[in-house]
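The lines below spell out each chain.
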Amino acid sequence: MTQLSHGITKRVHHLSDGRELIYFDDADSTLDPERAPDLRPAAPRPPVASMRQDPLTGEWISIAAARQNRVMLPPKHLDPLAPSTPENLTEVPSLYDVAVFENKSPSFGPDLAEVTGASGASQRAVAELDSLAEVGLGRVKPSVGRCEVVCFSPSTDGSFATLSPSRARTVVEAWADRTAALSELPGVEQVFPFENRGEAIGVTLHHPHGQIYAYPYITPRTQKLIASIESYGASLFADILAFEQESDRVVLRGEHFTAFVPFAARWPLEIHLLPHRHVPDFAGLSGDERDELAVLYQRLLRGVDALYDTPTPYIAAWHQAPVHAHRDDIRLMLQITSPRRAVDKLKFLAGSEAAMGAFIGDVPPEASAALFRDALLRADSEN
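What you are looking at is a predicted structure, and each value in this text was computed from that prediction instead of being measured. (Residues numbered from 1 in each chain as written. Predicted model: local features only at pLDDT ≥ 70, side-chain atom pairs only at ≥ 80, totals over all residues. Heavy atoms only, no water.)

1. As for the overall build of the protein
Part 1 of the argument: Helix and strand counts for the protein stand at seven helices and 17 strands.
Part 2 of the argument: The globule rule puts the C-alpha radius of gyration for 383 residues at 21 Å, and the 21 Å found for the protein is close to it.
Part 3 of the argument: In terms of principal-axis extent, the alpha carbons of the protein reach across some 55 × 55 × 40 Å.
Part 4 of the argument: Each of the 383 residues in the protein was classed as buried or not, and the buried ones make up 49%.
Part 5 of the argument: Of the contacts made within the protein by residues no fewer than 6 positions apart, 69% connect residues no fewer than 24 positions apart.
Part 6 of the argument: As presented, the protein carries roughly 17800 Å² of accessible surface, and 55% of it is formed by carbon and sulfur atoms.
Part 7 of the argument: Averaging the coordinates of the 36 positive side-chain charges in the protein and doing the same for the 51 negative ones gives two points 3 Å apart. (Helix = DSSP H or I, 4+ residues; strand = E, 2+ residues; numbered from the N terminus. Rg over C-alpha atoms; globule rule 2.2 N^0.38 Å. Buried < 20%, exposed > 50% of the residue type's maximum accessible area, 1.4 Å probe, protein only. Contact = heavy atoms within 4.5 Å. Areas by Shrake-Rupley, 256 points an atom, 1.4 Å probe, with all protein chains shown as cover. Lys, Arg positive; Asp, Glu negative; His and termini not counted. Charge placed at Lys NZ, Arg CZ, Asp CG, Glu CD.)

2. Focus on unusual backbone geometry
Part 1 of the argument: At the junction of Gly109 and Pro110, the peptide bond is cis and its omega measures out at 10° in the coordinates.
Part 2 of the argument: The phi torsion at His6 lies on the positive side, around 65°, for a residue other than glycine.
Part 3 of the argument: Given a relative accessible area of 43%, His6 falls into the partly exposed group.
Part 4 of the argument: Even without being glycine, His326 reaches a positive phi, approximately 55°.

3. Focus: the pairing of strand S6 (residues 98-102)
Part 1 of the argument: Most of S6 sits inside the fold, with five of its five residues counted as buried.
Part 2 of the argument: Residues Val98, Val100 and Glu102 of S6 are buried on one face, and the alternating residues Ala99 and Phe101, pointing to the opposite face, are buried as well.
Part 3 of the argument: Relative to S6, strand S3 (residues 20-25) runs antiparallel, the two sharing four bridges. What sits directly across from Leu21, in S6, is Phe101.
Part 4 of the argument: Of the strand pairs in this sheet, S6 and strand S8 (residues 146-151) are connected by four bridges, and their pairing is antiparallel. Its bridge partner being in S8, Ala99 is matched across the sheet by Cys151. (Pairing = 2+ DSSP bridges.)

4. A few points about the UniProt feature "active site" (unreviewed entry) in the protein
Part 1 of the argument: UniProt feature "active site" (unreviewed entry): in the numbering of this structure it lies at His209.
Part 2 of the argument: Within the element layout of this structure, His209 appears in strand S10 (residues 209-215).
Part 3 of the argument: For His209, a relative accessible area of 12% puts it in the buried group.
Part 4 of the argument: In this structure His209 touches Leu81, Val149, Val150, Cys151, Phe152 and Glu195, once residues within four positions along its chain are discounted.
Part 5 of the argument: Within polar-contact distance, the side chain of His209 engages the backbone oxygen of His207 at 2.6 Å. (UniProt positions renumbered as here; feature names shortened; annotations may be inferred. Polar contact = N/O pair within 3.5 Å; in protein donor to acceptor, adjacent residues only side chain to side chain.)

5. What about the packing of aromatic side chains?
Part 1 of the argument: Enumeration according to the criterion identifies 19 aromatic pairs in this entry.
Part 2 of the argument: Taken together, a centroid distance of 5.8 Å and an interplanar angle of 70° make the contact between Tyr213 and Tyr215 edge-to-face.
Part 3 of the argument: Judged by relative accessible area, Tyr215 falls into the buried class, the value being 11%.
Part 4 of the argument: Among the aromatic side chains, those forming a connected cluster through ring pairs are Phe108, Phe192, Phe194, Tyr213, Tyr215 and Tyr217. (Phe/Tyr/Trp six-rings, centres within 6.5 Å; stacked < 30°, edge-to-face > 60°.)

Shown next, in the form of structure tokens:
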């Protein structure tokens, strides 16, 4: 057992096949500290996926065939993320507040890079990144790393927006703890917490949950960001924040964070959130910042759901600085995006976006911000 900040408790266990399972208990938790064992028979993990390089872009594509076998929208009584019952032995044996476990069929891992010694780890990381940057034909590498599932609640329905304030704070603490832990794993270059919500996004489980990927490389999106920083300068994030704070695209502002619709939004609904000081990732947030983030993030998601009469599908992506590079100029940033452009209309990536990566916006960002501010007012009045 480990006592974390804000009175949150961390308890590490293992599933029958050896995967790590971590319980994060709320500060006001009423759960028994003892946890039940995983009663399922041990089963072998699938083989580690392999990465293949696309020579046209230099990007690495993980081929994870085991993911084809994952559960697809099961009924509530067969929810694999709910606490286990005799009729439904699941990934989480005990009742829980927040639970994090290694994905059974990960896109990266469970193997890690073979590194011995701190100096060897540093030298190998640089050499491996240089190797990954080279372009060739038929290049293949193991998809080392780690993928984790973050269960926000034992409930089979609901969302982060509907969690209690205490539970929301526990999830933020779990993100910070896992970011720090995954960043220490050999071969991991970037840690990415995210949540997919809604069938239109492609979710396979309705249970309120998110995921964390620990990549063996710096992702293509972050590589483009690094190129922009090298062109603009190290003050890019600070200047973006100042620029947006003076605009009519701000939707929510706190003591430590500001949320806004970006000047060049790609999606009909797109909201970014930045901390007011430079913080590279969740682990770098102070206790006060984590407290406020839990509150503001819930308000943002309630606003997303207040836009229409039915819940809006979204991707909530927590962009963080790479583990070993650009820690001083890449800032933690939330980007919420949704393809929903009207009550009964979705934006699909057509030829220009899907084939050429050239986005065409359907809704002016200023109009989107005004709609979202109205939705926030409605959501705040109901809570």
